[in-house]
Structures are given as structure tokens and as C-alpha cells.
Amino acid sequence: FTASAMSDHDPLGECLAIHSVVVAPSFRRRGVAARAVRMYCDEQAPAVSSIKLIAKAPLLGLYRRAGFEVLGLSAIEHGRDPWFECVRDTRVVDMVQVDAFTENIFGGNPAAVVFTSRGGNATWMQAVALENQLSETAFVDRRSDGAFDIRWFTPTTEVDLCGHATVAAAKALYATGRTEATEPIRFVTRTVGNITVEARGDWLEVDFPTADLEAATDDGPDGLLEALDVPKADVLFVGRGPKAVPDVCVELRPEAFARLDADLGKLADVDVPRGVCVTARSLDPAFAFTSRFFAPKAGIPEDPVTGSAHTLLTKYWETQLGTNDVFLGAYQASPRGGVLRCKTVGDRTIIQGQAVLVLAAKLRLPDSPKPRRGRRRRRRRLGTSDAVAPQQA
């Protein structure tokens, strides 16, 4: 932060100095400026190690929302008011943790949300998910059309669909100002098409593809009922989901569900592609049905709340209960617990849930060579016609 930095230019330098953002009066105080700066910096980040600017006091909040840290007063003098130095370290990215399908901190299902996939680097994403040791870590990248690419990783593998991490990602985008609360969010997935999320008061409404359960012709995979420690007489249904949600679902009598004590060691040996969902009619009149979900093979002994499994359960329970076009209350009876509202509309399953932002952090990126920004290294002094005096954004 020196006066010479305002006029010296190195096209291959590792520090980018930005000047200002201009927003039409009709769009001010709507978060447009902060989002524009953040998006521009996200695009430039792979080529530089830091992005710097100077700003006057009224605009410091804007630049903080765009991901900058305020370092303090600047030695640069221009005009009567003091300038402050701000920097954004591009070697770190924002990461938040959200508890999904709950209104209370430390309830529901926690998921990490990282605001980059580093160009689809699956090895890096898997390493981050393993480091987080949460049931899911979601990675989101803004697309040029305003939608977001999304991918989901457990500590051990990538999955085709994750409901609670999708809710967490939407909450993170709204809470950090990356998307206005009045705007729907469109997630683009690799295998299950687009997923739309909209805010409905304190609830987030997610539009998922419906997954149909196919009834099994037997008692399910070998060892399943033994691992669940339930007699065959208490089993009312066994079914399997499709490729995107390849879970085995078991309906139990409500009394058997209440005393369910699965052997996780034995469940890990059961041949299932992802997990085992156990469900029953709810004995609590506040809910239509209840469930638990186990996926030790995917690194998740018991999942606190499983949104994707409810794309299977919702249509199943609508058929069992004889209802349609009305939200069914669902409770996932894990130790943390979680509440969902679900219904099917055509070939889509609409799931509503609440979410709470728990923490925000900076994730350090691994060191890697920065891409070259040009062919020739040169340093020049800008002429007076090129220089632009600092001005407020």
C-alpha cells in the first residue's frame, strides 16, 4: 500500500489492486455491490495471491461482506477523509458449517459448505471432506448463468445426492449475502439434474427429484435383519431405491421401531450400495412418520437427518396413508433429531426444513504455482492519462 503502487503495473505480479465498484442508484442498498466485488475477486483469485484496495470508512462494511479484511489506516493521502487498507487473501476460501433440518444450534444434521470446488478437483474435495469429519461437505461454485454447481462428499466418497447438505448450502448462500433471500437458488448437479431452493419464511423449500421404492422379493440383503436386531414378524416392508438414492428401506411396526438398537458393526458388513433407512408410522401425532438412517460403509454410522432418503419415503408414506398434495410431518429419530415437511408434486419431492449457521471459517488452500497472466514480464510507469484517482465505490 504505497503511492507508487497506484501507478506501477506488473502484468505477472501476484498482487491485484482493484479500484472501485459503481452501482446505479436504483440498485443500491440491495447487496449488489458486495456480490459484484465478491464474484469478480472469485474469478481473479486463481491467478494472484492477494487482492488489495483502499476505501473510506462508510464502505468498509461493503468490502468486509465481499471477503476483505480491514488492516487499518492507510498512509496514502487523497482528499480530506482518511483511507483504510483492505486485503483479501486468495490462498484461503470461505467455509461455513450449518445445522440442517433444525431451528436449534447443535441439532439436526451438520454439514460444511465450501464456496469453491477448485475447478472440480475431486481429490482436493475428498481431502477436505475427510478433514472435516462431518457426514457431508458440500462444494458450490457460481456459474456464469447465476446458478451454482454443487457436489457432495462424505469423509470417504462422493455421493450423487445429499438433502441436508443442499439445505445447508442454500442457508450458507443466503446467510453470507451471496444470494438475496428473495431470490430462488438453482443448484446444478452432476447426476440428478437441477435442484431449486426457495426461502419460505424461516423454512427452506427444496425441490428434489422423486425416487421410487421398489419392493424387495425377499428380506433384503443377507444379514440385514440380524444387524438391525429385529424379528421378521416386526418387518412390514423391505424395498430398494434407484441409483441416485440406492438405499435399502425397511418399515417396522411402530413398537419395534421405538426399541430399535442396530448393530453398526454388523451393518457395515451388509451388502448395500449406500445405506439402510428404517421407518415407521409415528406414535407422535405431530408427525406422520419417523425414520433412522445408517450408512457405516459411507463413513456415517448413523446419519442425524437424511434429506435424500425422504425422496424415497415421502411417496411411500403418501401411498400408505392415502394422502396427496399436503405436507407430511417427518421426524428423524437420531440422537440429534431433525424435522422435515414433505410432499410429492408430479415427479418431484418438495422438502422443507430449517437451518442454522453455526460457524464461519477460512480454509487454507494447498500451495500451487499460479498460472501465468501474460507472455512477457515488464514493468512500466503509467502516463497521467492512464492514472485514475481513488474514489469511493
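Note that the structure is predicted; figures quoted are calculated from it, not measured.

Further remarks concern the confidence of the model for the protein. Any region with low pLDDT has predicted coordinates that should not be read closely. Summarising the model, the protein shows a mean pLDDT of 88, and 92% of its residues fall at 70 or more. Note on residues 373-393: pLDDT under 50 across the span, and 43 contacts to partners over four residues away in sequence or across chains.

This brings us to the state of the cysteines. This model, assessed by the stated rule, comprises zero disulfides. A disulfide-free cysteine, Cys15 has its sulfur positioned 11 Å from the sulfur of Cys41, the nearest such atom. In this structure Cys15 comes out as partly exposed when scored by relative accessible area, which is 42%.

Looking now at the environment of Leu225. Relative to the helices and strands, Leu225 is located in helix α5 (residues 224-228). For Leu225, a relative accessible area of 14% corresponds to the buried category. Along the sequence, Leu225 and Arg341 sit 116 residues apart, while their C-alpha atoms lie 29 Å from each other. When near neighbours in sequence (up to four residues on either side) are disregarded, Leu225 contacts Asp219, Val230, Lys232 and Val235.

Looking now at helix α8 (residues 310-321). In this model, α8 (twelve residues) spans 15 Å end to end at C-alpha, consistent with the 16 Å of a helix rising 1.5 Å per residue. Buried residues of α8: His310, Thr311, Leu312, Leu313, Thr314, Tyr316, Trp317 and Glu318, and no others. Of the residues flanking the end of α8, it is Gly322, one or two places downstream, whose phi is positive at about 70 degrees.

Reading the values: the criteria
- Residue positions within a chain follow its written sequence, with the count starting from 1.
- Totals for whole chains, interfaces and linings use every residue, but because this is a predicted model, local features are given only for residues with pLDDT of at least 70 and side-chain atom pairs only at 80 or more, for both listing and counting.
- Values reported for side chains reflect all heavy atoms of the structure, with hydrogen atoms and water molecules removed beforehand.
- Along the chain, pLDDT gives the predictor's confidence residue by residue, from 0 to 100.
- The contact rule is simple, with two residues in contact once any of their heavy atoms fall within 4.5 Å.
- Any two cysteine sulfur atoms lying within 2.5 Å of each other are counted as a disulfide.
- Relative accessibility decides the category of a residue: with a 1.4 Å probe and only protein chains considered, values under 20% of the type maximum give buried, values over 50% give exposed, and everything between is partly exposed.
- Here a helix means four or more residues in a row that DSSP labels H or I, a strand means two or more in a row labelled E, and each is numbered from the N terminus.
- Residue count minus one, scaled by 1.5 Å, sets the expected span of a helix.

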